[in-house]
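# Breakdown of the fold
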Amino acid sequence: MKPTKTLLYIAICLMLGIQAEAANLPNNVVLLGDSNLQIGGDDCTGESSWSKWFKDAIQPKTCVSYARSGATWTNNALTKHDTKENITRVGNSNVIYNQVNRFDEAYKNGTQEEPSLIIIACGTNDAWFQSQRPQMYSETVDKIFKTPLQDLLMKKVNQVTTLAESVRYNCEILRYHFPDARIVLLTPLQSVQGTEQRIQKVGDVIEQCGERMGIQVIRLDKVCPIKSSEERVKRHYTTDGTHTSVEGAKLVGEKVAELIR
């Protein structure tokens, strides 16, 4: 092959490689979660949230957060449909389910682009405020996944009161409404508030649910350098042992971007 043709061939291959990589990156991203997302704002620009650094790394067309401070995965017997509430603390209806509803409403009214990637990062408050979710571990993951999907989706939200069923319920609703979107679940970071054992237990349930549904799960409590034992002694990557500092948020955001590429 002549030198000019060789150079042309290499240039074409590089161009196609760049295009292929770009095609694999998400165009429109939706984020659901708790306060470590909400501190980044709906537009994901707050530097203390990993959402800002994730968006900078991925550079999607749109990146919108529907997160609420105090949110849990787990519903309880008093949970109801409510897309307006914003109480910044744990409450009966401050749950991922209502973020899913708020996001779906925005899509239907034309203010939200159809997502190619949906990330749900939640679980800290499930571990921290376990007493407010008394049925959280009342059924095993195995039992939850024996329920036929049609029967699960027929349930009212206040009948879905375990962590495992809440994870499955919300993911299946999202897959029903947005079948072409990729879903990624993030387990909670280590926190001085939730205790390492509780955080790990929540993460284990989320991970097991993700495996059953074929959904990628990123164990933030394992892959990130934020360690509750170190944050108790001196704040390195958090401001209060739970919420990320700018440095901590940057580490988390870049790690998430790396792992979902």
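Residues numbered from 1 in each chain as written. Predicted model: local features only at pLDDT ≥ 70, side-chain atom pairs only at ≥ 80, totals over all residues. Heavy atoms only, no water.

### Brief notes about the nonpolar core
- In terms of nonpolar packing, the biggest core is built from 40 residues, with L32, W73, I118, V167, L174 and L185 touching the most fellow members.
- Listing elements by their share of this core, those giving two or more residues are β1 (28-33), α4 (96-108), β3 (117-121), α6 (141-144), α8 (163-177), β4 (182-186) and α9 (196-213).
- When residues in this core are grouped by element, the largest group, seven residues, is from α8.
- With residues near it in sequence (within four places) discarded, V167 still touches W73, L185, I206, C209 and M213. (Core = buried A, V, L, I, M, F, W, Y, C linked by side-chain atoms within 4.5 Å. Buried < 20%, exposed > 50% of the residue type's maximum accessible area, 1.4 Å probe, protein only. Helix = DSSP H or I, 4+ residues; strand = E, 2+ residues; numbered from the N terminus. Contact = heavy atoms within 4.5 Å.)

### A word on α9
- In a regular helix each residue adds 1.5 Å, so 18 residues correspond to 26 Å; α9 covers 26 Å between its end C-alpha atoms and thus fits that length.
- Residues of α9 that are buried: I199, V202, G203, V205, I206, C209, G210 and M213. Down the axis of α9, the smallest arc covering the buried residues is 155°, so these residues share one side. Counted as exposed and oriented over 90 degrees from the buried face of α9: Q197 and E211.
- Close packing links the buried residues of α9 with α5 (124-128), α6, α8, β4, β5 (216-218) and α10 (220-223).
- In the stretch just after α9, G214 is the one whose phi turns positive, near 70°. (Expected span 1.5 Å × (residues − 1). Arc of directions from axis to C-beta.)

### Quick word on the layout of surface pockets
- In this structure, the largest pocket encloses a volume near 150 Å³.
- Taken together, 14 residues make up the lining of the largest pocket; nearest its centre are S35, S69, G70, N125 and W128.
- Looking at the lining of the largest pocket, the elements that each hand over two or more residues are α2 (35-38) and α5.
- Per element, the largest residue contribution to the lining of the largest pocket is three residues, and it comes from α5.
- Within the lining of the largest pocket, the residues separate by chemical class into three nonpolar, nine polar and two charged. (1 Å grid on protein atoms, 1.4 Å probe; cavity = no way out; pocket = protein on both sides within 12 Å on 5 of 7 lines; lining within 4 Å. Points joined across faces, edges and corners; volume = space filled by probe spheres on them. Nonpolar A, V, L, I, M, F, W, Y, C, P; charged D, E, K, R; others polar.)

### Considering the packing of aromatic side chains
- For the structure on display, the rule yields six aromatic pairs.
- Ring plane angle 75° and centroid distance 5.1 Å describe the contact between Y107 and F178, whose orientation is recorded as edge-to-face. With Y107 in helix α4 and F178 in the loop between α8 and β4, the pair connects residues that are 71 residues apart, well separated along the chain.
- For F178, a relative accessible area of 2% gives the class buried.
- Ring geometry for W128 and F129: centres 4.8 Å apart, planes at 20°, overall stacked.
- When its relative accessible area of 30% is taken as the criterion, W128 is described as partly exposed.
- Directly above the aromatic system of W53 lies the positively charged group of K52, at a separation of 4.7 Å from the ring centroid.
- Lying across the ring of Y137, K201 places its NZ or CZ 4.0 Å from the centre. (Phe/Tyr/Trp six-rings, centres within 6.5 Å; stacked < 30°, edge-to-face > 60°. Lys NZ or Arg CZ within 6 Å of the ring centre and 35° of its normal.)

The values are spatial; any link to function lies outside them.
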